[in-house]
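# Structural overview for review
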Amino acid sequence: MSAADTTTPAKVPPPRQAPPPAPKRPGGKRTSGGAATPWLLLAPCLLVLVLVMGYPLLRLVTLSFQKFGQSQLWGFQPAESVGFDNFTEVLGDDEFWTVVVRTIVFAGGAVVLTMVIGMLIALLLQKVSGWLKTLINIVLVASWGMPVIVATTVFKWLFDSDYGVFNALLSKLPGVDMIGHNWFASGPQGLAVIMLLVVWGAVPFVVITLSAGLTQVPKELEEAARLDGAGAWGVFRFVTLPILKPIIVMLTTLSVIWDMGVFPQVFVMRNGHPEAEFQVLNTYSYDRAFVVNDYAQGSAIALLTVLLLLGVVAVYMRQMLKIGEVE
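All of these numbers come straight from a predicted model, not from anything done at the bench.

Cut-offs and rules
Residues numbered from 1 in each chain as written. Predicted model: local features only at pLDDT ≥ 70, side-chain atom pairs only at ≥ 80, totals over all residues. Heavy atoms only, no water. Helix = DSSP H or I, 4+ residues; strand = E, 2+ residues; numbered from the N terminus. Buried < 20%, exposed > 50% of the residue type's maximum accessible area, 1.4 Å probe, protein only. Areas by Shrake-Rupley, 256 points an atom, 1.4 Å probe, with all protein chains shown as cover. Polar contact = N/O pair within 3.5 Å; in protein donor to acceptor, adjacent residues only side chain to side chain. Contact = heavy atoms within 4.5 Å. Core = buried A, V, L, I, M, F, W, Y, C linked by side-chain atoms within 4.5 Å. Patch = residues over 30% accessible without salt bridge, like charges linked within 9 Å, V, L, I, M, F, W, Y side chains within 5 Å. Salt bridge = Lys/Arg side-chain N within 4 Å of Asp/Glu carboxyl O. Phe/Tyr/Trp six-rings, centres within 6.5 Å; stacked < 30°, edge-to-face > 60°. Lys NZ or Arg CZ within 6 Å of the ring centre and 35° of its normal.

### Examining the overall build of the protein
Scanning the protein from N- to C-terminus turns up 14 helices and 2 strands. Each of the 327 residues in the protein was classed as buried or not, and the buried ones make up 31%. Accessible area of the protein: about 21100 Å², with a carbon and sulfur share of 69%.

Structural data, given as structure tokens:
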């Protein structure tokens, strides 16, 4: 008997069968209910947005191309179409460009301070104990929920020239005498105070959002970076920062939009009559419309502000698409 006769043949497993095809619906047509469901759920929100924002925006665009003052408001004269004359007059005004530059500088400084301070506080919260972290979060939410008018009133008292706490604290430093100093005597100092107010109100949201993002940073990557010799800055730069980039881009864009559109802080801080050195785009548009009673030019300035903010949104969308392509 040969070795070939004594060898047991290997068993070959049976071939796997493909799963049976899913049964077709009667008529062989796909239902479109799944694609329509998201739009049906969004319909109430979209309807509210159209009703609340659609008509005002349409009216704003219409007014910006008309001659519309008090005579037209009270019906003594009909509104006249003037084409792009309002935009030509606004864009040719040096005061408008001064306000634009001031608004950009103000918003840029507020955004940088907000993001830097918010990131530092968020990183520090990762190092404290649980009860202290909870207490700080409660304080942050309380300050975030404080009405803007109340916060502005508090800051007016803090920086008051006669009874301000800030002047009294600075005067305790050696060689510093700030008693009676008026922070709002000049535009740059007054805007710096208003910038601190804006930053104080925006930091809590940034801290809470970044703290949530920091919980998603893998500890293994941080440990690996430390084993490779990276210090605290290296771990933050090469591990933490890339992971938080989508959140940072989102927060920065939202902060730019909010700080470019600042109005109540400036308006209330200057008692409803901001001086020329304190004008930003929103208060400038308000003054043109309701102080000078030139509603058409006020609408044109507001529309230009909207277009400027849409440019910021376009940059944000482009960055988010780039991040999505990389991921």
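More follows now that the structure is in view.
### Observations regarding the side chain of Ser 143
Position of Ser 143 among the secondary structure elements: in helix α6 (residues 130-144). A distance of 2.8 Å separates a polar atom in the side chain of Ser 143 from the backbone oxygen of Leu 140. The contacts of Ser 143, once residues within four sequence positions are left out, are Trp 200 and Pro 204.

### Regarding the nonpolar core
Grouped together as the largest cluster of nonpolar side chains are 24 residues, with contacts concentrated most on Phe 106, Trp 183, Phe 184, Ile 194, Val 198, Met 269 and Phe 278. Elements supplying a minimum of two residues to this core: α5 (94-125), α7 (148-158), α9 (187-214) and α12 (264-269). A total of 9 residues in this core trace back to one element, the largest contributor, which is α9. Not counting residues within four places of it along the chain, the set of residues in contact with Val 198 comprises Phe 106, Ala 110, Asp 259, Val 262 and Gln 265.

### Observations concerning a nonpolar patch on the surface
A cluster of nonpolar residues, Trp 39, Leu 42, Leu 46, Leu 47, Val 48, Leu 49, Leu 51, Val 52 and Met 53, forms a patch on the protein surface that exposes about 940 Å² of accessible area. Relative to the elements of secondary structure, Met 53 occurs in helix α2 (residues 33-64). Given a relative accessible area of 53%, Met 53 falls into the exposed group.

### Quick word on the packing of aromatic side chains
Inspection of every chain in the model, using the stated rule, returns 19 aromatic pairs. Between Phe 84 and Phe 87, the ring centres sit 6.2 Å apart and the planes meet at 50 degrees, which makes this aromatic pair tilted. Looking at Phe 87, the relative accessible area reads 9%, which means it is buried. The rings of Phe 68, Phe 263, Phe 267, Tyr 286, Phe 290 and Tyr 295 are connected pair by pair, giving a single aromatic cluster. If you follow Arg 59 out to its NZ or CZ, it ends over the ring of Phe 68, 5.5 Å from the centre. One cation-aromatic arrangement involves Arg 270 over Phe 278; the distance from NZ or CZ to the ring centre is 4.9 Å.

### Some thoughts on the pattern of salt bridges
This model, assessed by the stated rule, comprises 4 salt bridges. Of the charged contacts in the structure, one is a salt bridge between Asp 93 and Arg 288, with a shortest N-O distance of 3.3 Å. Placement of the pair is Asp 93 in the loop between α4 (85-91) and α5 and Arg 288 in helix α13 (residues 281-291), with a sequence separation of 195 residues. Taking relative accessible area as the criterion, Asp 93 reaches 23% and is therefore assigned partly exposed. Here Arg 226 ties to Glu 223 by a salt bridge, and the two come within 3.5 Å at their closest N and O atoms. Of the two residues, Arg 226 and Glu 223 both sit in helix α10 (residues 219-227), 3 residues apart, roughly one turn of that helix. Connected through shared salt-bridge partners, Asp 93, Glu 95 and Arg 288 make up one network.

### Re unusual backbone geometry
The backbone of Asn 271 shows a phi angle near 60 degrees, a positive value even though the residue is not glycine. As for its position among the elements, Asn 271 is in the loop between α12 and α13. Asn 271 sits in the exposed class, given a relative accessible area of 54%. Even without being a glycine, Asn 293 presents a positive backbone phi close to 65 degrees. Positionally, Asn 293 belongs in the loop between α13 and α14 (295-326).

### Structural notes on the side chain of Thr 283
Considering the arrangement of structural elements, one finds Thr 283 in helix α13. With relative accessibility at 1%, the residue Thr 283 sits in the buried group. There is a polar contact of 2.8 Å between the side chain of Thr 283 and the side chain of Gln 279. Apart from residues lying up to four places away in sequence, Thr 283 is in contact with Phe 263, Val 266, Pro 274 and Phe 278.

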